[in-house]
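# Observations on chain architecture
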Amino acid sequence: MYEIINAKKLTDNIYSFVVKAERVASACLPGQFVIVRSHCDAERIPMTICDYDRENKTITLVFQVVGAGSLRLSRLKTGDCLHDVAGPLGRASELCDTSLDELKSKSILFVAGGVGTAPVFPQVKWLKEHGIDSDVIIGAKTKEMLIMEDEMDQFATNLYITTDDGSYGRHGL
């Protein structure tokens, strides 16, 4: 069982869980994912590892409700447990395999929107931790649907916000 240390509702249908997962937190890299099950008979749901804290042995998962399985997950609260967390799985971001000197010679820009902001965050954080600058553009339909602005602002060299309706940041896609 994997305890949910912090469960938050980020928007009407996007949620964040900080989960105690010692083995995953100690081994994961940006770009990898886990497969979770809320209970023993639940479907297996792949989720990007949005963040990890090796010291506190936690991972952060951000997900959008799109079906019955993710709806059931969204009802879990702080203190509840996930039945399974399998991972880390998948190949790490190509940034992790590129020499730091080569990365420092590049101008790096990430563009993300909605729940797609979650997989960008660990890459931006990893670059900053290795002394490499990156810029980020985050978009959403409305200000209320924007996620992870404060977290991204800590690690992006320049952060640009856009909303489709112009309710926040720059107007446009």
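Model, not experiment: these values are computed from the prediction. (Residues numbered from 1 in each chain as written. Predicted model: local features only at pLDDT ≥ 70, side-chain atom pairs only at ≥ 80, totals over all residues. Heavy atoms only, no water.)

### Digging into the overall build of the protein
When helices and strands are tallied, the protein shows five helices and 11 strands. For 173 residues, the compact-globule formula gives about 16 Å, and the C-alpha radius of gyration of the protein, at 16 Å, lands near that figure. Considered along the principal axes of its C-alpha atoms, the protein spans approximately 45 × 40 × 25 Å. Buried positions account for 44% of the 173 residues belonging to the protein. Summed over all atoms, the accessible surface of the protein reaches about 9,200 Å², with 47% contributed by carbon and sulfur. (Helix = DSSP H or I, 4+ residues; strand = E, 2+ residues; numbered from the N terminus. Rg over C-alpha atoms; globule rule 2.2 N^0.38 Å. Buried < 20%, exposed > 50% of the residue type's maximum accessible area, 1.4 Å probe, protein only. Areas by Shrake-Rupley, 256 points an atom, 1.4 Å probe, with all protein chains shown as cover.)

### Describing the sheet that holds strand β1 (residues 2-9)
Spatial ordering of the open sheet is given by β6-β1-β2-β5-β4-β3-β7, a layout of seven strands whose pairing is antiparallel. The open sheet terminates on both sides in strands that have one partner only, identified here as β6 (81-82) and β7 (84-89). Relative to strand β4 (residues 45-53), strand β3 (residues 33-37) runs antiparallel, the two sharing four bridges. Residue pairing across strands places F33 opposite T48, the latter belonging to β4. The sheet strands contacting helix α4 (residues 117-129) are β4 and β5 (58-64), and the helix crosses β4 at an angle near 30°. (Pairing = 2+ DSSP bridges. Contact = heavy atoms within 4.5 Å. Axes fitted to C-alpha atoms, helices over the stretch in contact; angles between N-to-C directions.)

### Here we look at unusual backbone geometry
For the peptide bond that leads from G87 to P88, omega is 5°, which places it in the cis range. The phi dihedral of K57 is positive, around 60°, even though this residue is not glycine. Among the structural elements, K57 can be located in the loop between β4 and β5. Residue classification places K57 among the partly exposed residues on the basis of a relative accessible area of 34%. A positive phi angle, near 65°, is found at M148, a position not held by glycine. With respect to the helices and strands, M148 occurs in the loop between β9 (135-140) and α5 (149-155).

### Overview of α4
The end-to-end C-alpha distance of α4, which contains 13 residues, comes to 19 Å, matching closely the 18 Å that a straight helix rising 1.5 Å per residue would cover. Taking burial as the measure, the 13 residues of α4 include 10 buried ones, the bulk of the element. Residues of α4 that are buried make contact with β4, β5, α3 (100-104), β8 (109-113), β9 and α5. Positioned one or two residues after α4, G131 has a phi angle of 75°, which is positive. (Expected span 1.5 Å × (residues − 1).)

### Topic: the packing of aromatic side chains
Considering all chains together, one arrives at three aromatic pairs under this definition. An angle of 20° between the planes, with centres 5.8 Å apart, marks the rings of Y15 and F63 as stacked. With Y15 in strand β2 (residues 14-20) and F63 in strand β5, this residue pair connects regions lying 48 residues apart in the sequence. Exposure remark for Y15: the relative accessible area of 12% places this residue in the buried category. Of the residues examined, F63 reaches a relative accessible area of 5% and is grouped as buried. When the centroid spacing of 5.7 Å and the interplanar angle of 75° are considered together, the rings of F121 and F155 count as edge-to-face. (Phe/Tyr/Trp six-rings, centres within 6.5 Å; stacked < 30°, edge-to-face > 60°.)

Everything listed here is a matter of coordinates, which is why it stays silent on function.
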